[in-house]
Amino acid sequence: MKRIVLRSPATSANVGPGYDIFAMALADPYDEIEISLNDTKEVNIEFVNDTQAIPTSLEDNVAGLAVLELIKRKRLEQGMSIRIHKQMTSGAGLGTTGASAAAVIYGLNKMLNLHLTPNEMIDIARMGEVASGGSPHADNVAASVLGGFVLVKNYKPIDVLKLEMPEFPVVLAILKKSQRTTRGFITYEIGQEKLKEQMARCSRIIHAIHTHDIEEFGDAFSVDHIAEPVRGAAIPEYAEVKNHVISAGAFGCQISGGGSSVVAVCSPDNIDFIAAIMEKGFAGNPNFIQVIKTKTSNIGVQIISE
Ligand code: HSE
């Protein structure tokens, strides 16, 4: 097989209190990634439709770094050209970089018959994340590889559990980060009371997924004592919009992954109203791109053509 085209979805990491261990795949938006093998030993990355000046040198690109990791681990000497058809906004907490890394590793696994397990693919793809956030967190790439809701059970070695995610309506306000990453500002000293609440909220999320309870999910999802205080403070109007969205009947509202996008879960008949509130609330924010109505999805990376 010489050419493959894959679709890789946006993912929303952390899912409230599950910092670096929870993520969920979304039906929209997504990017398409095309891999063509060739007889050179060179790896080349290019973007189609990129208006965001994403780096294409292998060491600075998340997919590029993941390919270098694969080449190193499997001692490959395979030339290839990777074209990323960009539809998603990068640097907005939508797991777009992880989506590209996941698709490239998934596609090469298929094309080169590498027989990698999902955990191995996730472990290799996550190494690419160092190019964007400085840390090889596995949550986004895991949700891209597997779809649905993922729980990173273990980091050393990587072990990820996928749960079938009920189809929850989601409103996504896409906002780019105002700085490259906020991870470095997060302190992990949250104290005993908040730690207990955080653990309880993680447990409630898993229970809500098993019982398909969107109200319980949304309520548990709406508080995070680790990343939200730092990242929420960096998003103008975040607290106000969140309060407004919850008072208007959304079941939950939270920052998506590393931010600054904001994600709300609601009922299907309330989705237009919630979307309008988020659109209006963030309209004055210079980093605001758009509001998208989407849903959680059990589909991860998909092969579109081969
Ligand atoms: N868990 C990661 C973080 C996700 O919170 O930094 C980044 O999308």
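Rules used throughout
- Residue positions are given per chain, counted from 1 along the sequence in the order it is written.
- Thresholds applied to this predicted model are a pLDDT of at least 70 for local features of residues and 80 or more for the giving and counting of side-chain atom pairs; totals over whole chains, interfaces and linings are not thresholded and use all residues.
- Based on all heavy atoms of the structure, the side-chain values leave hydrogens and waters out of the count.
- Strands are runs of DSSP state E lasting at least 2 residues, helices are runs of H or I lasting at least 4, and numbering of each runs from the N terminus.
- In these notes, a set of buried Ala, Val, Leu, Ile, Met, Phe, Trp, Tyr and Cys residues joined through side-chain atoms within 4.5 Å is what counts as a nonpolar core.
- Buried means the residue's accessible area, taken with a 1.4 Å probe over protein chains only, is under 20% of the maximum for its type, while exposed means over 50%, and partly exposed covers the values in between.
- Residues are treated as being in contact if the distance between any of their heavy atoms lies within 4.5 Å.
- Put simply, a residue is near a molecule or strand once any heavy atom of it comes within 4 Å of that molecule or strand.
- Between N or O atoms, a polar contact is any pair within 3.5 Å; within protein, one atom must be a potential hydrogen donor and the other a potential acceptor, and residues adjacent in sequence are included only when both atoms are from side chains.
- The classification used treats Ala, Val, Leu, Ile, Met, Phe, Trp, Tyr, Cys and Pro as nonpolar, Asp, Glu, Lys and Arg as charged, and all other residues, Gly among them, as polar.
- Just so you know, the domain bounds were taken from an automatic or database domain assignment.
- Between the rings of Phe, Tyr and Trp (Trp by its six-membered ring), a pair exists once the centres lie within 6.5 Å; its type follows the angle of the planes, with under 30 degrees stacked, over 60 edge-to-face, and the other angles tilted.
- Comment: axis = line fitted to C-alpha atoms, over the contacting stretch for helices; angle = value between 0 and 180 degrees taken between N-to-C directions.
- Angles below 35 degrees are treated as roughly parallel, those above 145 as roughly antiparallel, those between 65 and 115 as roughly perpendicular, and all remaining angles as oblique.
- Put simply, a crossing is left-handed when the front helix is turned counterclockwise from the back one by less than a right angle, and right-handed when it is turned clockwise.
- The buried area of a pairing is the accessible area, by a 1.4 Å probe, that goes missing from both parts when the two are put together, added over both.
- Salt-bridge detection follows one rule: a side-chain nitrogen of Lys or Arg within 4 Å of a carboxyl oxygen of Asp or Glu.

**Details of unusual backbone geometry**
Across residues other than glycine, the phi torsion is negative in most instances, and most of the peptide bonds are trans.
Consideration 1: Following D28, the chain continues to P29 via a peptide bond in cis, the omega torsion being -5 degrees.
Consideration 2: Relative to the assigned elements, P29 resides in strand 2 (residues 22–38).
Consideration 3: Omega for the bond connecting K156 with P157 falls within 30 degrees of zero, at 0 degrees, which places this linkage in the cis form.
Consideration 4: Looking at the secondary structure, you find P157 in the loop between strand 5 (149–155) and strand 6 (158–163).
Consideration 5: For H115, which is not a glycine, the phi torsion comes out positive at approximately 60 degrees.

**Comments concerning the nonpolar core**
Consideration 1: I35, L70, I82, I105, L108 and I122 are the most contacted members of the largest nonpolar core, which has 46 residues in total.
Consideration 2: For this core, the element with the most residues is helix 2 (residues 96–111), which contributes seven residues.
Consideration 3: Discounting chain neighbours no more than four positions away, the residues touching L108 are I35, L37, V67, L70, M80, N113 and L114.
Consideration 4: In terms of nonpolar packing, the next biggest core, distinct from the first, is built from 29 residues, L26, I206, A220 and I292 among them.

**Focus: the site of the ligand**
Consideration 1: Surrounding the ligand, one finds A13, N14, Y19, D20, H137, D139, N140, R183, R231, G257 and G258.
Consideration 2: Here an oxygen atom of the ligand sits 2.7 Å away from a polar atom, N or O, in the side chain of R231.
Consideration 3: Here G258 contributes a backbone N or O atom positioned 3.3 Å from an oxygen atom of the ligand.
Consideration 4: Partitioned by chemical class, the residues of the shell around the ligand number two nonpolar, five polar and four charged.
Consideration 5: Looking at the shell around the ligand, you find at least three residues from each of domain 1 (3–165 + 297–305) and domain 2 (169–295).

**Description of the packing of aromatic side chains**
Consideration 1: Under the criterion given, the structure shown has four aromatic pairs.
Consideration 2: Relative to Y188, the ring of Y19 lies with its centre 5.8 Å away and its plane at 50 degrees, an arrangement referred to as tilted. One end of the pair, Y19, is in the loop between strand 1 (3–13) and strand 2; the other, Y188, is in the loop between strand 7 (169–175) and helix 5 (191–211), with 169 residues separating them in the sequence.
Consideration 3: Owing to a relative accessible area of 11%, Y19 belongs among the buried residues under this scheme.
Consideration 4: With relative accessibility at 48%, the residue Y188 sits in the partly exposed group.

**Focus: the packing of helix 2 against helix 4 (residues 139–146)**
Consideration 1: Interaxial distance between helix 2 and helix 4 falls to 8 Å at its minimum, and their mutual angle equals 50 degrees. As judged from the angle between their axes, helix 2 and helix 4 are oblique. The two elements helix 2 and helix 4 cross, and the hand of that crossing is right-handed. Contacts between helix 2 and helix 4 involve G98, A99 and A102 on the former and, on the latter, V141, S144 and V145.

**Side note on the domain arrangement of the chain**
Consideration 1: One can read the domain layout of the chain as domain 1 (3–165 + 297–305) and domain 2 (169–295).
Consideration 2: Computed over C-alpha atoms, the centres of domain 1 and domain 2 are 23 Å apart.
Consideration 3: Listed per partner, the contact involves 35 residues of domain 1 and 38 residues of domain 2.
Consideration 4: Roughly 2600 Å² is buried in total at the junction of domain 1 and domain 2, and carbon and sulfur atoms are behind 63% of that figure.
Consideration 5: Measuring nitrogen to oxygen at the nearest pair gives 2.8 Å for the salt bridge that ties D20 to R183.
Consideration 6: Where domain 1 touches domain 2, the interface holds 13 residue pairs in polar contact (both at pLDDT 80 or more).
Consideration 7: With seven residues, the top contributor of residues to the side of domain 1 that touches domain 2 is strand 2.
Consideration 8: Its residues assigned to classes, the side of domain 1 that touches domain 2 comprises 17 nonpolar, 15 polar and three charged.

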